[in-house]
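Summary of structural features
Letter by letter, the chains look like this.
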Amino acid sequence: MSRNISLLSGKKHHKKSLFEKIALSPSQESDNKIAHEYNMGVSTIHSTKSFYDFLDKDFKTKKAFACIGSACLCRGTQDTVLNTLNDKFGSENVGEMVCLGRCYENSAFHYDGKNYSGQDINNLDQIIDGNHISSEYTMESYADTSFLVEEEVFSTYENFKELLKDCLSSDKSDLISTLKESGLRGRGGAGFPTGMKWEFCQAQKETTKYVVCNADEGDPGAFSDRYLLEQQALKVLFGMIACGYVIGSKQGFLYIRGEYPDSIETINNALVKLRELDLLGDNILGTGFDFDMSVVAGQGAYICGEETALIASIEGRRAEVDVRPPFPTVEGLYKKPTVVNNVESLAAVAVIFKLGEMPFKSIGNGKSTGTKLISLDGYFNNSGLYEVNMATPLDYIIDEIGGGFNDDIKAIQVGGPLGGIVPVEILRTLTLDFETFDGAGFLLGHASFVCIPRSFSAVEYAKHLFAFTAHESCGKCFPCRLGSTRGKEMLQSSLDNNQKFSEELMNDLLETMESGSLCALGGGLPLPIKNLLEHCSEEFEPFMEK
Ligand SMILES: Cc1cc2nc3c(=O)[nH]c(=O)nc-3n(C[C@H](O)[C@H](O)[C@H](O)COP(=O)(O)O)c2cc1C
Ligand code: SF4
């Protein structure tokens, strides 16, 4: 059934996503029209609509939204934000969003298509009058060679044009070799070698292929992709065009989360400019290569970051995870070979093609090469966005780059809601790379750092993670769908009534989720929960029956 929807969706308008039409459809009448146009039942359109937070009728009536992401939660800023928004707009007009990517100063909220944070909440009247611009964050490179933060390369369309000319006259096999030699591993979480992914897709015999940029950065605590989309858009777009050229694709999509309105606007503006300059579209720079791309705005579903759910979403399906294999490189968007790459991976590709593989390869530990963006939350004295060498010692990151903490921090969750929760003293012994994190049983993910202060209850944090997964679960498999809800309930009732939960039952639940979930949302949640149970056991004792 879902296969038919993919095929119908791609057959009609493979350049414009059905999802965008569904998201913009204002009425039952227009739902019927879309269904007719795509030869689908109207129930398919309704089923999609009902999946996404932003498409919910209730959500659309809200005027402002408070961020309920992990970093803002731990910082304890959101009661004030919520109260201020409620006072101004009325509580029935205030909703919630996760996460707005402003973890460096917290107090994050969304109003009228823009995000705000820090002291902005004290300027609500000026914001409403259109007289207030939110401040930006610190960004700096500590890397030996900067690939991601550096301004010179790709800073102008003129630069872009020259580099694109070079790229489009290069031998495709050479470009793949450069990428493989550089050692670049995907920055979206799994760390799959990017050169190999492109090679697999290039080898497919199909004539229609797609490039998809995964810009659904949903991990609370992470704002590195947001930075690249808004400040280094040309690097990301160059990476996509280069991918299209290498694998033989004419069409790309950037799936950008709806919580990042500025990212969507920046990228859309850049695409218009690239088309004007003949750097996108038919016969780019007279090379005979056709490639165009468009933005698909997410509608508030964390699971759309998972690549098969993301593909389902572009196709206008519910964003349910698909079983792999087949992997997207063989059967992806509209069932055609597709490269799905993270924003940071694509930006890195662009600079690797400019500088060659050596500068990238020479940084790191040999297996995790190049540089990595890290997002430091508001508990660091120097919160912000930094580029570091792979394999940088964590104590250097904490003390020298982050400037230490401005509170007593007991643990840090690195790499999003599925990442390990590492006591600070253990974290200080690690280096920032895939191998060290894997070896210690943690996850590098997007390398976002969410600090948990001593004063924040570990049981509350565990409940927050269960609740997050329960809300974001795509519902396809029961260990995740039911397990996350049961876990949340167990912790909630122990917190509410001081009623102890069974340790045995909790362990069973975690094991079932870990071994029985189809994807890393349900399968990954047990890691941080187990970390909390182990490292903060004394906090769980009053709530847990042995
Ligand atoms: C629950 C879940 C959420 C994910 N979220 C993201 C995301 O926000 N951004 C991303 O690039 N990859 C995310 N991924 C990983 C993607 O499925 C995929 O591996 C990645 O986009 C591939 O790009 P890369 O090879 O450049 O890393 C997520 C995976 C899972 C299981
Ligand atoms: S683990 Fe959760 S998110 Fe992943 S497929 Fe199963 S229900 Fe969906």
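Residues numbered from 1 in each chain as written. Chains lettered and ligands numbered in written order. Predicted model: local features only at pLDDT ≥ 70, side-chain atom pairs only at ≥ 80, totals over all residues. Heavy atoms only, no water.

Below, the discussion takes up the pairing of strand β11 (residues 384-389). The buried fraction of β11 is high, at six of six residues. Here three bridges tie strand β5 (residues 139-141) to β11, and the two strands are oriented parallel to one another. Residue Met139 lies in a different strand from β11, and its bridge partner there is Leu385. Pairing of strand β10 (residues 371-376) with β11 involves six bridges; the strand directions are antiparallel. Along β11, the bridge assignment pairs Leu376 with Gly384. (Buried < 20%, exposed > 50% of the residue type's maximum accessible area, 1.4 Å probe, protein only. Helix = DSSP H or I, 4+ residues; strand = E, 2+ residues; numbered from the N terminus. Pairing = 2+ DSSP bridges.)

For the rest of this paragraph, the subject is the packing of aromatic side chains. For the structure shown, the criterion picks out 24 aromatic pairs. Consider the rings of Phe89 and Tyr111, whose centres lie 5.3 Å apart with planes at 20°: the pair is stacked. Of the two residues, Phe89 sits in helix α7 (residues 78-89) while Tyr111 sits in strand β3 (residues 109-111), which places them 22 residues apart along the sequence. A relative accessible area of 13% places Phe89 in the buried class. Ring centres of Tyr302 and Phe468 lie 4.9 Å apart, and the angle between their planes is 70°; on these two criteria the pair is classed as edge-to-face. A residue pair is termed long-range when its members are at least 10 positions apart, and Tyr302 in the loop between β8 (292-297) and α15 (307-314) and Phe468 in helix α21 (residues 458-472) qualify at 166 residues. We note that Tyr302, like Phe468, is buried. Members of the aromatic cluster, each reached through a chain of ring pairs, are Phe19, Phe51, Tyr52 and Tyr255. Lying across the ring of Tyr379, Arg75 places its NZ or CZ 4.2 Å from the centre. (Phe/Tyr/Trp six-rings, centres within 6.5 Å; stacked < 30°, edge-to-face > 60°. Lys NZ or Arg CZ within 6 Å of the ring centre and 35° of its normal.)

Bridge count for strand β7 (residues 251-256) against β8 is six bridges, and the pairing is parallel. If you follow Gln251 over to β8, its bridge partner there is Asp292.

As a further point, take the sheet that holds strand β4 (residues 114-116). Remark on secondary structure: sheet strands pair via backbone hydrogen bonds, oriented parallel or antiparallel. Taken together, four strands build an open sheet; the order of strands is β2-β1-β3-β4 and the sheet is mixed. Pairing within the sheet leaves two strands with one partner each, and these edge strands are β2 (94-97) and β4. Across the sheet, the mean angle from the axis of one strand to that of its neighbour is 30°, orientation sign disregarded. Bridge analysis of strand β1 (residues 64-67) against β2 gives four bridges, and the strand direction is parallel. Residue pairing in the sheet places Cys67 in a bridge with Met97 of β2. Docked against the sheet, α7 engages β1, β2 and β3, running at close to 170° with respect to β1. (Axes fitted to C-alpha atoms, helices over the stretch in contact; angles between N-to-C directions. Contact = heavy atoms within 4.5 Å.)

This part takes up empty space enclosed by the protein. Taken as a whole and assessed by the stated rule, the structure comprises three cavities of 30 Å³ or more. A volume near 80 Å³ is recorded for the largest cavity. Along its surface, the largest cavity is lined by Ile303, Val321, Ser473, Cys474, Gly475, Lys476, Cys477, Cys480, Leu518, Cys519, Leu521 and Gly522. Looking at the lining of the largest cavity residue by residue, the class counts come to eight nonpolar, three polar and one charged. (1 Å grid on protein atoms, 1.4 Å probe; cavity = no way out; pocket = protein on both sides within 12 Å on 5 of 7 lines; lining within 4 Å. Points joined across faces, edges and corners; volume = space filled by probe spheres on them. Nonpolar A, V, L, I, M, F, W, Y, C, P; charged D, E, K, R; others polar.)

Let us now look at the domain arrangement of the protein chain. Assigned domains of the protein chain: these are domain 1 (2-50), domain 2 (59-128), domain 3 (148-361) and domain 4 (458-545). Here the C-alpha centre of domain 3 lies 25 Å away from the C-alpha centre of domain 1. Facing the 20 residues of domain 1 at the interface are 19 residues of domain 3. Roughly 1600 Å² of surface becomes buried between domain 1 and domain 3 when both sides are summed, with 52% attributable to carbon and sulfur atoms. One can count one salt bridge joining domain 1 with domain 3. Ionic pairing is found between Glu331 and Arg3, a salt bridge with its closest N-O pair at 3.1 Å. Looking at the side of domain 1 that touches domain 3, the elements that each hand over two or more residues are α1 (2-12), α2 (18-24) and α4 (42-49). The biggest single contributor to the side of domain 1 that touches domain 3 is α1, with seven residues. Among the residues making up the side of domain 1 that touches domain 3, the classes are represented as six nonpolar, 10 polar and four charged. (Domains from an automatic or database assignment. Buried area = accessible area lost by both parts, 1.4 Å probe. Salt bridge = Lys/Arg side-chain N within 4 Å of Asp/Glu carboxyl O.)

What follows covers the site of ligand 2. Taken together, the neighbourhood of ligand 2 is formed by 13 residues, with Cys474, Lys476, Cys477, Cys480 and Cys519 sitting nearest. Grouping the constituent residues of the shell around ligand 2 by class yields eight nonpolar, four polar and one charged. (Near = heavy atom within 4 Å.)

What follows covers the side chain of Ser448. Examined against the element boundaries, Ser448 turns out to sit in strand β16 (residues 448-453). Since its relative accessible area comes to 0%, Ser448 is described here as buried. From its side chain, Ser448 meets the backbone nitrogen of Gly416 in a polar contact 3.3 Å long. (Polar contact = N/O pair within 3.5 Å; in protein donor to acceptor, adjacent residues only side chain to side chain.)

The grouping of Phe192, Met196 and Phe200 at the surface amounts to a nonpolar patch, some 250 Å² of accessible area in total. Here Phe200 lies in helix α11 (residues 194-203). For Phe200, a relative accessible area of 38% translates into the label partly exposed. (Patch = residues over 30% accessible without salt bridge, like charges linked within 9 Å, V, L, I, M, F, W, Y side chains within 5 Å. Areas by Shrake-Rupley, 256 points an atom, 1.4 Å probe, with all protein chains shown as cover.)

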